[in-house]
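Overview (structure and organization)
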There are 2 protein chains.
Amino acid sequence: MTSEIILLGHGSGGKLSHQLLDELIVPTLSGYTPQNQNDAAIVAQPKGRLAMTTDSYVVDPIFFPGGNIGDLAINGTVNDLAMVGARPLALSVGLILEEGLPLSDLRTILISMKAAAEEAGVVIVTGDTKVVPRGKADKIFINTSGIGVIEHTFAINGSGAKIGDQILINGPVGDHGMAVLARREGLELDSDIHSDSAPLNGLVAELLTAVGADLHVLRDPTRGGVATTLKEIALQSGVDITLNETSVPVSKAVTGACAILGLDPLFVANEGKLLAFVAPAAADAALAVMRNHPYGRSAAIIGEVTLASVGRVKVRTAIGGLRSIEMLSGEQLPRIC
Amino acid sequence: MTSEIILLGHGSGGKLSHQLLDELIVPTLSGYTPQNQNDAAIVAQPKGRLAMTTDSYVVDPIFFPGGNIGDLAINGTVNDLAMVGARPLALSVGLILEEGLPLSDLRTILISMKAAAEEAGVVIVTGDTKVVPRGKADKIFINTSGIGVIEHTFAINGSGAKIGDQILINGPVGDHGMAVLARREGLELDSDIHSDSAPLNGLVAELLTAVGADLHVLRDPTRGGVATTLKEIALQSGVDITLNETSVPVSKAVTGACAILGLDPLFVANEGKLLAFVAPAAADAALAVMRNHPYGRSAAIIGEVTLASVGRVKVRTAIGGLRSIEMLSGEQLPRIC
């Protein structure tokens, strides 16, 4: 490459664009040189219904403890496919680059994307790159869209919560949001907090094998955290939910940082966590699957579905009281993903 | 909606986000109220190989004669699927909104997206919305990703050009690029130039029916224009191409505007044009199909594949000379799509 930063010409569709694609983006993301660049990629006929999802990533800062915008974008879209019980097949990557972005930063991000895709067992099949002038974007925005195949007949979605369902989470909450916030604001914390960004498709596949039709709802509590996600599910399923605050795993570092900043860890974003609603008879089996998986060592049962109702979520507090929770009304942590 | 502009809170994942989605985005794009918002959408098992594509749209200005960033984003992704011979099935929409964007602008754009999707016969199945602070994006960026099904066994791709192939285009070149540029720069032109943004999947379906295996390459000459696109195909197929400059349809308005600005219409972006490489025996039939279609009335044969070689593109000029063309080396028209 003849420049060390992104130039407007890298988005022209001309010679500089092809150089950027052929020398950096395509070899890094796909692992081989570009031979066959067409307007769309071809994927073999899938054996089952398809799932499709999209997410744009605008996280600030683009590098944070435990990850960067690149692996976050891969893991997030892999997880959205996994949350409807699909096996991720193929991803697309849309880059919006700000003029002046160091190519070394872009390279680091692309390498992370490739590594994350490999861990998740998913292929990046197509992409697009745009460049906008300085001050018209913030370094880099990434869209990842994905398709997956649903190879079973279980119905896993947000309206499937049933009375008595036990609510499991695969580990401690709030790490991603606090890691990003601490880096962005330059907070000096006693202990490092790292993003939990991780692909959850492997864990979901094991849950499907172990408890199958007893798995009613899966959702990853990203923006808005566990509290907002539970409220969404309660409304979608028309049920009330009780969450046991003392059962929710939270690290001491996150608890401390949240206390200093006046934040509630239940509302802080996660990027490697899932909430699973499981029929009571299968809850212990599901918990065992989680705890045996690298991304579920600290899994816990944190609540249950209490009755068919209007979608209330109540938290049983440490001192035994019950308080209602609602979705965040404004902006707690902007640009967290 | 309680605000007339986009607020940071609209991207929080909380109450404002849900309000924006439930009251504006989902009803407008899908045509009905949100009942079943999950992390991924489910699409029936397709009967054939899949095509997948993605594009981010950063066009400036977001409204221009003949369209806006919304219908452009739908048509562009529909066309990328059509260019590999796929029937578009489903689209995703990823919105990155700048704080302060008027909701009325967003509404207009979403309505255009819905109308464009309906014209193309494709369904918007899933989406994502992010908000960034003022000055960290430019009004609105849109990613559209799409999947389509390939219901035939023809191989249509950029490496398929064969010696003797006739090169067809479905109408005049340069209108999109010049329409956007004129609006952006506030140029006073004698005659209005409108973007040619249009869905080409219907025209491609008719071409496939009419000439089938004789259709070797399809590509839409967007960024970089006809010249850059032909150069790409020549390199990918390992052939030389001769383009007859006087056969390329260009409106008087575009010719005039390009002359004033020192631009070559062959390098200006199109958003409703396709280049088709067709075996010589089928070229007249393909031309007839185009001219009978609303998006091909001014179709023409503009060149041919001359020999298996190293990917040169030569233009036969009006006075009979031959000049070589290369891809644009820098940035002719930034943010044209």
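Residues numbered from 1 in each chain as written. Chains lettered and ligands numbered in written order. Predicted model: local features only at pLDDT ≥ 70, side-chain atom pairs only at ≥ 80, totals over all residues. Heavy atoms only, no water.

Considerations on the sheet that holds strand β7 (residues 140–150) of chain A
Pairing is mixed in the open sheet, where 5 strands are placed in the order β6(A)-β5(A)-β7(A)-β2(A)-β1(B). Single-partner strands in this sheet number two, and they are β6 (123–132) of chain A together with β1 (41–43) of chain B. The mean angle between the axes of side-by-side strands here comes to 20 degrees, regardless of whether they run parallel or antiparallel. Bridge analysis of strand β2 (residues 49–57) of chain A against β1 of chain B gives 3 bridges, and the strand direction is antiparallel. (Pairing = 2+ DSSP bridges. Helix = DSSP H or I, 4+ residues; strand = E, 2+ residues; numbered from the N terminus. Axes fitted to C-alpha atoms, helices over the stretch in contact; angles between N-to-C directions.)

Describing the environment of Ser56 of chain A
Residues and elements named next belong to chain A. Within the secondary structure, Ser56 is located in strand β2. In sequence terms Ser56 and Gly174 are 118 residues apart; their C-alpha atoms lie 21 Å from each other. Side chain to side chain, Ser56 and Asn143 meet in a polar contact 3.1 Å long. (Polar contact = N/O pair within 3.5 Å; in protein donor to acceptor, adjacent residues only side chain to side chain.)

Points about helix α3 (residues 103–120) of chain B
All names here are of chain B. Its 18 residues place the ends of α3 26 Å apart at the C-alpha level, agreeing with the 26 Å of an ideal helix rising 1.5 Å per residue. Along α3, the residues that are buried comprise Leu103, Leu106, Ile109, Leu110, Ser112, Met113, Lys114, Ala116, Ala117 and Ala120. Directly beyond the C-terminal end of α3, a positive phi value near 70 degrees is found at Gly121. (Expected span 1.5 Å × (residues − 1). Buried < 20%, exposed > 50% of the residue type's maximum accessible area, 1.4 Å probe, protein only.)

Describing the domain arrangement of chain A
Residues and elements named next belong to chain A. Taken domain by domain, chain A holds domain 1 (8–150) and domain 2 (166–325). Here domain 1 and domain 2 have C-alpha centroids that lie 27 Å from each other. With 20 residues of domain 1 at the contact, the number on the domain 2 side is 21 residues. Across the domain 1 to domain 2 interface the summed buried area is about 1,800 Å²; carbon plus sulfur atoms make up 58%. Looking only at domain 1, the three residues that lose the most surface to domain 2 are Pro65, Asn79 and Met83, adding up to 34% of its buried area. (Domains from an automatic or database assignment. Contact = heavy atoms within 4.5 Å. Buried area = accessible area lost by both parts, 1.4 Å probe.)

So, the pairing of strand β11 (residues 275–278) of chain A
Residues and elements named next belong to chain A. Because side chains alternate across β11, one face comprises the buried residues Leu275 and Phe277, and the other comprises Ala276 and Val278, equally buried. As paired strands, strand β9 (residues 215–219) and β11 are joined by 4 bridges and run antiparallel to one another. From the neighbouring strand, Arg219 faces β11, where its bridge partner is Leu275.

Regarding a nonpolar patch on the surface
Residues Leu187, Ile260 and Leu261 of chain A make up a contiguous nonpolar surface patch of roughly 260 Å² in combined accessible area. Structurally, the position occupied by Leu187 of chain A is in the loop between α4 (175–185) and α5 (201–211). (Patch = residues over 30% accessible without salt bridge, like charges linked within 9 Å, V, L, I, M, F, W, Y side chains within 5 Å. Areas by Shrake-Rupley, 256 points an atom, 1.4 Å probe, with all protein chains shown as cover. Salt bridge = Lys/Arg side-chain N within 4 Å of Asp/Glu carboxyl O.)

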